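# An overview of the molecular structure
Here is how the chains run, residue by residue.
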Amino acid sequence: IRRVLVDHARARLSQKRGGELERLRLTTWDVVDPEPSAPPDVLEVHSALLRLEALDPECARVVELRYFGGLTIDETAASLGIGRNTVVRRWRAARAWLKRELSDAADKDQGAGPDDIA
């Protein structure tokens, strides 16, 4: 499912489909404030997950099963043949790592540098 979601996200961003153009619906024209916290882009998560996989393949597999596969903690533990507590620890560590990576990527996109931090 991860591959399908990543391919779909890449296709939506292709030039043939309008690239980075913002798609608006008639009901959203009157919205003043954009969404305060939009979910991370699938391609950003995929890229961060590849970096995590290089550092800790087991944590990356837990994220893949939980995030892309939609498995519960118990289903992930059964699928990987490890204990429930191990999955909880790896899931917690991977989420913290991904949160940092994705927030760093967002800061880079906004042009924040070391001098911009208060």
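Criteria and thresholds
- Residues numbered from 1 in each chain as written.
- Predicted model: local features only at pLDDT ≥ 70, side-chain atom pairs only at ≥ 80, totals over all residues.
- Heavy atoms only, no water.
- Helix = DSSP H or I, 4+ residues; strand = E, 2+ residues; numbered from the N terminus.
- Contact = heavy atoms within 4.5 Å.
- Salt bridge = Lys/Arg side-chain N within 4 Å of Asp/Glu carboxyl O.
- Buried < 20%, exposed > 50% of the residue type's maximum accessible area, 1.4 Å probe, protein only.
- Expected span 1.5 Å × (residues − 1).
- Arc of directions from axis to C-beta.
- Phe/Tyr/Trp six-rings, centres within 6.5 Å; stacked < 30°, edge-to-face > 60°.
- Lys NZ or Arg CZ within 6 Å of the ring centre and 35° of its normal.

### A closer look at the overall build of the chain
If you tally the helices and strands in the chain, you get five helices and zero strands. Starting at the N terminus and walking to the C terminus, you meet the elements of the chain as α-α-α-α-α. Look at the contacts in the chain between residues 6 or more apart in sequence, and 54% of them connect residues 24 or more apart.

### Digging into the pattern of salt bridges
Taken as a whole and judged by the stated rule, the model has six salt bridges. With a closest N to O distance of 2.7 Å, Arg 90 and Glu 58 form a salt bridge. Linking Arg 90 in helix α5 (residues 84-109) with Glu 58 in helix α3 (residues 57-68), this pair joins segments that are 32 residues apart in sequence. Given a relative accessible area of 44%, Glu 58 falls into the partly exposed group. In this structure, Arg 100 engages Glu 101 in a salt bridge whose closest nitrogen and oxygen atoms are separated by 3.5 Å.

### Some details on helix α1 (residues 2-13)
The terminal C-alpha atoms of α1, which comprises twelve residues, lie 17 Å apart, in line with the 16 Å expected from a rise of 1.5 Å per residue. Within the span of α1, buried status applies to Arg 2, Val 6 and Ala 9. Buried residues of α1, viewed axially, fall in a sector of 65°; they line one side. Projecting away from the buried face of α1 at angles above 90 degrees are the exposed residues Arg 3 and Val 4. On its buried side, α1 packs onto α2 (42-55) and α3.

### A few points about the packing of aromatic side chains
A complete count under the given rule lists one aromatic pair for this structure. Centroid distance Tyr 67 to Phe 68: 4.9 Å. Interplanar angle 85°. Geometry classified as edge-to-face. Tyr 67 sits in the partly exposed class, given a relative accessible area of 40%. For Phe 68, a relative accessible area of 6% gives the class buried. Residue placement shows Arg 66 over the ring face of Trp 91; its charged tip is 4.7 Å from the ring centre.

These results come straight from atomic positions and should not be treated as a statement about function.
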